Amino acid sequence: MTSPYETWPGLQSHPLGREALKIRQAYSKSCRLSPLIALSDPVRTPDIISWAKALPEHCAVIYRFETFDAQLAKALREITRAKSQQFLIRSETHSDLSDGHHFKRSADLGRITKKRSDDPGALLTLAAIKEGRYSEPLPALDGLLVSAIFPSESPSAGTPIGTDALKQRTQKWDVPIFALGGVTVQTAPALIGTNIAGIAAIGALKEDKNGR
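Residues numbered from 1 in each chain as written. Predicted model: local features only at pLDDT ≥ 70, side-chain atom pairs only at ≥ 80, totals over all residues. Heavy atoms only, no water.

**A closer look at the overall build of the chain**
Phase 1 of the analysis: When its secondary structure is counted, the chain shows seven helices and eight strands.
Phase 2 of the analysis: Taking 2.2 N^0.38 as the reference for a compact globule, 212 residues should give roughly 17 Å; the C-alpha atoms of the chain span a radius of gyration of 16 Å, in line with that estimate.
Phase 3 of the analysis: With respect to the three principal axes, the spread of C-alpha positions in the chain is 40 × 40 × 40 Å.
Phase 4 of the analysis: Here the chain holds 212 residues, and 54% of them are scored as buried.
Phase 5 of the analysis: Restricting to contacts in the chain with at least 6 residues of sequence separation, those with at least 24 account for 57%.
Phase 6 of the analysis: Where the 27 positive side-chain charges of the chain centre and where its 22 negative ones centre are 3 Å apart. (Helix = DSSP H or I, 4+ residues; strand = E, 2+ residues; numbered from the N terminus. Rg over C-alpha atoms; globule rule 2.2 N^0.38 Å. Buried < 20%, exposed > 50% of the residue type's maximum accessible area, 1.4 Å probe, protein only. Contact = heavy atoms within 4.5 Å. Lys, Arg positive; Asp, Glu negative; His and termini not counted. Charge placed at Lys NZ, Arg CZ, Asp CG, Glu CD.)

Encoded structure:
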């Protein structure tokens, strides 16, 4: 298996990126999505352009929004292309502007399966449900974002589930899982051994390159 340090060399420039590479090194399966996912947030990353420009090369970037801004999406596409970053949009459309799509946890799984069938090359990620079971098998995803793992500043994070519950999910759901919520340079080492594919972050990538 190719070392993630060779596949995603730009992540070594950021402390949290280096932690993500360690996690991918321990992952037992394959995953074509970057080990580190950066999510924009309408409230927590109001200056998305400055936020995006500060991200390390070779991470994946997910553009989330309250109202879609085509000009902003185009600007993000240019930034991510220049930095060799995968770019996803929280939308089922705009394929011309992105490498794939990020779906809300309330998304219809059948629609994701159809999207996979219609566009096999697209990167597809989904925000995992916090409780309960899926009504049907999960579609072929490149990443399932499970949150919150640790205490988080996000108002929607809820009660953290911890690493034991995260590991249970990796055993139950046969898709690459990414840990989201309270993941920092300090907490990331605890994720080794959970068999996740990588980490996702908002606050830890917002401003501080030390990952705090």
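After that view, the rundown keeps rolling.
**Thoughts on the nonpolar core**
Phase 1 of the analysis: Formed by 52 residues in total, the largest nonpolar core has its most connected members in Leu144, Leu191 and Ile199.
Phase 2 of the analysis: In this structure Ile199 touches Leu16, Ala20, Ile23, Pro35, Leu36, Ile37, Phe178, Ala179, Val183 and Leu191, once residues within four positions along its chain are discounted.
Phase 3 of the analysis: If you look at the next biggest cluster of nonpolar residues, it comprises 15 residues, including Cys31, Leu123, Leu145 and Ile202. (Core = buried A, V, L, I, M, F, W, Y, C linked by side-chain atoms within 4.5 Å.)

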